[in-house]
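One-letter residues, chain by chain:
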Amino acid sequence: MADGPRQEWWSAAELADAGLPDMPGSKRKVNDMAARQNWRGRPGKARRRKAVGGGTEYHWTLLPMRARLALTARAEAPEEQTVGRDEAWADYERATAAAQKKAGERLAVLAEVEEIETAGMTRSLAVTTVATRSGIAAKSIWNWFGRVEGIAQADWLAYLVDRRSLRPKSAPKAANAAFCDIVKSDFLRLSGPSLTSCYDRAVRIAEKEGLSVPPIHQVRAWIKATISEPVLIYHRKGVEALRRYYPHQTRDKSAMVPLECVQGDYHRFDVFVRCPGEKDPVRVQMVVFSDVYSGKILAWRLDVTANSHTVQLALGDLIERYGVPWNALLDNGREFAAKAITGGTPTRFRFKIDDEDIPGLLPLLGVKVIWATPYSGQSKPIERAFRDLCDRVIDACLTDWASDARPELRTIVERAFNTDKEGQINRAELFSLRRLNFDDERWVRAMKAIEDAIRVVGSKTYMRFYRRDNAQAAWQAVTIDMAKA
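Residues numbered from 1 in each chain as written. Predicted model: local features only at pLDDT ≥ 70, side-chain atom pairs only at ≥ 80, totals over all residues. Heavy atoms only, no water.

Draft legend 1. Here's a closer look at the overall build of the chain. Across its full length, the chain holds 21 helices and 10 strands. Taken over 485 residues, the chain has a buried fraction of 36%. The long-range share in the chain, meaning contacts at least 24 apart out of those at least 6 apart in sequence, stands at 57%. On the chain, roughly 30600 Å² of surface is accessible, and the fraction owed to carbon and sulfur atoms is 52%. (Helix = DSSP H or I, 4+ residues; strand = E, 2+ residues; numbered from the N terminus. Buried < 20%, exposed > 50% of the residue type's maximum accessible area, 1.4 Å probe, protein only. Contact = heavy atoms within 4.5 Å. Areas by Shrake-Rupley, 256 points an atom, 1.4 Å probe, with all protein chains shown as cover.)

So, in structure tokens, the structure goes:
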């Protein structure tokens, strides 16, 4: 064992901060102990402190036996390894509010020293200057610098907290672990049963098996302490709820340029209409391509179904008007993953990949294809295009015009756009607005946008056959079923 500690003379504050066995944890109580044991009356064991603020320092031999043994053990002990960053911040969170405040004050002192040092003063002189100004012992400041040596400055606060102030990790008390496991297995179900019902069922099982039953508040505390929030959400609410639990990624398009990336998706209108060639009313679908950077809709086509042919036509319109984009963020549907469009793309998994496949349209043009996350509307910003049209163009006119009008007027136009439903447009009601003639420039632009959105994707010629028994009889339609022909 070493003959003595590294530091022989100690002030009351330093002894309180040292965390020695059989020693008080506050400066006041250390001074009370020194007064009771008459430390100042021991010859050569007490002296006037030379640092700023004065006071008295005591020799380490005055301390209780266990405290002296701890000091000498520290003298010969190897340097304690620095705790990891995550552990340090976890300890900081466990510390009391007073300890966290004190750590912040220590950080401010170190920052002041570094600021003076940056001005051209040596660190020793900077420490002395700050110690004189703040009334803190220079040795304490040096000890704080020792704590954060080799640590990133952003993490200094966590390492400056007093470890003795950490709240103990209290283990929850459960009278019977087997009983709590029964409650836990019942509680972690997707049906989301209440803890009370799980507890009641566990009580019935415990009575049959002879298990002791702890109070429900102990079981609740045990579950809260042993089951993390993510685990609880995953088992009781599912994978999607767990994904929403974590913070979303914020998109930043400020560094992009036009046509750096375009996005394509199909939209199915929420209205049934009659289309030429279709026996029954159908919900028309529209494929849209827009620029990710600006949000501008670049090309669109209408059809009764989502198909790759319409996607190719819309891509042709886009390239003809604006040029070839660099990247394409596409929906994961089969109409976009068709070989004619994205054949040869390395990450294309919709169809069987063959080395002899002919490259699709986009790979041939050098466009990098990026597939959107399936069943994730927030992965495609284009989903907001229809709602933005309603909110920013049509609603702007309605707000001005209908401010003093009856609510029925606003209802007529809002019904055409279904503004309360994101991206759902009633096409028949929408086209009826074109019959309204207003001179407002914004209304004219809105109607022009609706007119530009109409695209003829094909035409068909129909022949109908009628017959009658004689010249005076009524015509009767002749039904021809080609499937049975």
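Now, onward.
Draft legend 2. Local environment of the packing of aromatic side chains. For the structure shown, the criterion picks out seven aromatic pairs. Between phenylalanine 145 and tryptophan 156, the ring centres sit 6.4 Å apart and the planes meet at 85°, which makes this aromatic pair edge-to-face. Placement of phenylalanine 145 in helix 7 (residues 138–147) and of tryptophan 156 in helix 8 (residues 156–159) is noted, with a sequence separation of 11 residues between them. Between phenylalanine 179 and tyrosine 199 the ring centres are 5.6 Å apart and the planes differ by 80°, which places this aromatic pair in the edge-to-face class. You can see phenylalanine 179 sitting in helix 9 (residues 177–187) and its partner tyrosine 199 sitting in helix 10 (residues 195–209), a full 20 residues away along the chain. Across the pair, tyrosine 199 and phenylalanine 179 agree in class, each one buried. Among the aromatic residues, ring-to-ring pairing joins Trp142, Phe145 and Trp156 into one connected group. The residue whose ring lies beneath arginine 123 is phenylalanine 145, and the NZ or CZ to ring-centre distance is 4.2 Å. (Phe/Tyr/Trp six-rings, centres within 6.5 Å; stacked < 30°, edge-to-face > 60°. Lys NZ or Arg CZ within 6 Å of the ring centre and 35° of its normal.)

Draft legend 3. Representation of the pairing of strand 6 (residues 297–303). Where burial is concerned, most of strand 6 is hidden: five out of the seven residues are buried. In this structure, strand 5 (residues 285–291) lies alongside strand 6, joined through six bridges in antiparallel fashion. Following the sheet pairing, glutamine 285 is matched in strand 6 by aspartate 303. The antiparallel hairpin formed by strand 5 and strand 6 contains five residues in its connecting segment, where glycine 295 sits at a positive phi of about 80°. (Pairing = 2+ DSSP bridges.)

Draft legend 4. Unusual backbone geometry, seen in detail. Not every positive phi belongs to a glycine, and aspartate 22 is a case in point at roughly 65°. With respect to the element layout, aspartate 22 can be found in the loop between helix 1 (12–18) and helix 2 (27–36). With relative accessibility at 44%, the residue aspartate 22 sits in the partly exposed group. The backbone of leucine 259 sits at a positive phi, close to 70°, despite the residue not being glycine.

Draft legend 5. Looking closely at the packing of helix 5 (residues 97–118) against helix 7. Axis separation between helix 5 and helix 7 bottoms out at 10 Å; the angle between their running directions is 95°. The pairing of helix 5 with helix 7 is recorded here as roughly perpendicular in orientation. Along the contact surface, helix 5 presents Arg106, Val109, Leu110, Val113 and Glu114, while helix 7 presents Ile141, Trp144, Phe145 and Arg147. Considering only residue class, the contact of helix 5 with helix 7 consists of six nonpolar, no polar and three charged. (Axes fitted to C-alpha atoms, helices over the stretch in contact; angles between N-to-C directions. Parallel < 35°, antiparallel > 145°, perpendicular 65-115°, else oblique. Nonpolar A, V, L, I, M, F, W, Y, C, P; charged D, E, K, R; others polar.)

Draft legend 6. Quick look at the nonpolar core. Counting residues in hydrophobic clusters, the biggest one holds 24 residues, and the most contacted among them are Leu110, Val113, Ile141 and Phe145. Counting only elements with at least two residues in this core, the list comes to helix 4 (85–94), helix 5, helix 6 (123–134), helix 7 and helix 8. Counting residues per element, this core draws most heavily on helix 5, at six residues. Aside from chain neighbours lying at most four places away, what touches phenylalanine 145 is Leu110, Val113, Glu114, Arg123, Val127 and Trp156. (Core = buried A, V, L, I, M, F, W, Y, C linked by side-chain atoms within 4.5 Å.)

Draft legend 7. Looking closely at the environment of threonine 196. With respect to the secondary-structure elements, threonine 196 resides in helix 10. Look at threonine 196 and you get partly exposed, because its relative accessible area is 41%. It is 9.4 Å that separates the C-alpha atoms of threonine 196 and arginine 220, two residues lying 24 residues apart in sequence.

Draft legend 8. Structural detail: the confidence of the model for the chain. For the chain, the mean per-residue pLDDT works out to 78, and 75% of the residues sit at or above 70. In the model of the chain, helix 19 (residues 407–417) stands out as the element of lowest mean pLDDT, 57, in contrast to helix 10, which has the highest, 91. Residue range residues 77–81 is modelled with pLDDT below 50. Its contacts to residues more than four positions away, or to other chains, number two contacts. Across residues 419–424, confidence stays below pLDDT 50; counting only partners more than four residues off in sequence or on other chains, it has 14 contacts. (pLDDT = per-residue confidence, 0-100.)

Draft legend 9. Region of interest: the environment of threonine 72. Counting through the fold element by element, threonine 72 comes out in helix 3 (residues 65–76). Owing to a relative accessible area of 5%, threonine 72 belongs among the buried residues under this scheme. Remark: the alpha-carbon pair of threonine 72 and tryptophan 60, spanning 12 residues in sequence, is separated by 10.0 Å.

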